[in-house]
Each structure stands twice: as structure tokens, then as C-alpha cells.
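Examining the three-dimensional arrangement
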Amino acid sequence: MGILDQTDWSGVDDTQQGDFTPVPEGQYTIEGVSFEDRSGTNSYGSGNEGIDIQFKIVGPTHENRRIFETFVLTGSNPTVAISRLKAFARGAGINVETTQLTTATVEAVMNRPVEANVGIEIGGPKSDGGKYKDKNKVTSFLSPNAPAQQPDQQQGAQPQS
């Protein structure tokens, strides 16, 4: 018997599906929780390759909210994505002067707290006439000794269900 065979949804309110609005811009502690290699047949459709990383906010507010980042490592300008991955690894305590960027390096930085500035990327039009929703984006990964800033507290904590 699987987990679904043991789960009871009677009494669960299906209108409470969580808050997916972007968190306020500011500095947060985040952790990479998973990544997916997007190479070969699993690439982005453009022929470019890279990785997708899912981050979890661990504080100071909005714990467990998620941020999804794509790092395109091929194409006309992979330097930006590579520098962002390097800053992420440095922020997680990896000595980037003596460590190469490998799958093992990315695995090593998962579940390590990193200070990061988080912004909001404004959504735009979709090809089907709809609109992409606004979403959070890591604007920069900070070195371990960077000065702390507090996120905008005007909207208050909105934990994700």
C-alpha cells in the first residue's frame, strides 16, 4: 500500500492551496534544495544546456517559499550563469579558487545556507495570449561576510502551504 492509499482528504479545504505571490524584495537566507541537469535530450529546446536549481527560503521571513533559477551554461554568453554559480558556491562556503565547477560541486552546495538578494521579475506576455505571473529571482548571491539587510516587511510573513 502506497502513501496515497493511506491519505485522507476528507476535511481538507481545497481552497487553501498556498500563497504563490512573490515575497518582498530584500536579503534572505536561502538553500539550494534540488537541481536538474538540462543537457542533451533534456535541454531547453534552444540547443543550450545548463541546470535548474530550486531554492528554499530559510529566513528571516517567508520560510519554505521557493525560488526557481535557470543557469544556461552554453550559448552566446554563458559567463553570466557561470559567475552566478561561482558566487552561489562561494556564499555556501566552497573555496572557489581551488574547486572546479562540477556536478559534485553543485551537489556539495545543496542544503547549505547562503545569503542572497531576492528581487521580483515582472511577468510578461505568453504566446497563447495570457501573461506570465510575477516571480521571485535571485539578483545576487552574497559572500559569507556581506553586511546584512532586512527584507521589506510591509507585506508581512506569508508562509507557503
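First, a word on scope: everything that follows refers to the structure included in this document. Here the residue numbering is sequential within each chain, running from 1 through the sequence in written order. Restriction of local features to residues with pLDDT of at least 70 applies here, the model being predicted, together with a cutoff of 80 or more for giving and counting side-chain atom pairs; totals for whole chains, interfaces and linings are based on all residues. Calculation of side-chain values draws on the structure's entire complement of heavy atoms; hydrogens and water are dropped beforehand.

1. Here's the deal with the environment of Gly-91
Here a strand is any run of E in DSSP of at least two residues, a helix any run of H or I of at least four, and the numbering for each starts at the N terminus. Note on placement: Gly-91 falls in helix H1 (residues 79-91). Distance from Gly-91 to Ser-143, taken between C-alpha atoms, is 4.7 Å for residues 52 residues apart in sequence. In this structure, Gly-91 is in contact with Pro-113, Val-114, Leu-142 and Pro-144, ignoring residues within four places of it in sequence. Any two residues whose heavy atoms approach within 4.5 Å are treated as being in contact.

2. Considerations on the pattern of salt bridges
Salt bridges are defined as contacts in which a side-chain nitrogen from Lys or Arg sits within 4 Å of a carboxyl oxygen from Asp or Glu. For the coordinates displayed, the defined rule picks out 5 salt bridges. With a closest N to O distance of 2.8 Å, Glu-69 and Arg-84 form a salt bridge. Remark: Arg-84 occurs in helix H1 and Glu-69 occurs in strand S3 (residues 66-72); sequence separation between them is 15 residues. Only protein chains enter the accessibility calculation, which uses a 1.4 Å probe; a residue is then buried when its area is under 20% of its type maximum, exposed when over 50%, and partly exposed in between. Overall, the relative accessible area of 1% leaves Glu-69 in the buried class. A salt bridge links Arg-90 to Glu-97; its shortest N-O distance comes to 3.4 Å.

3. Comments concerning H1
Expected span of a helix, by definition, is 1.5 Å for each gap between consecutive residues, and there is one gap fewer than residues. Compared with the 18 Å implied by 1.5 Å per residue over 13 residues, the 18 Å span of H1 between its first and last C-alpha is a close match. Just downstream of H1, Gly-93 is the residue with a positive phi angle, here 95°.

4. Examining the packing of aromatic side chains
Working definition: rings of Phe, Tyr and Trp (its six-membered ring) pair if their centres are within 6.5 Å, and the pair is stacked with planes under 30 degrees apart, edge-to-face with planes over 60 apart, and tilted otherwise. Enumeration according to the criterion identifies 3 aromatic pairs in this entry. When the ring of Phe-55 is compared with that of Phe-88, the centres are 5.1 Å apart and the planes differ by 80°; the resulting orientation is edge-to-face. Of this pair, Phe-55 sits in strand S2 (residues 50-59) while Phe-88 sits in helix H1, and the two are 33 residues apart along the sequence. Take Phe-55: its relative accessible area is 0%, and that puts it in the buried class.

On their own, these measurements won't tell you what the molecule is for.
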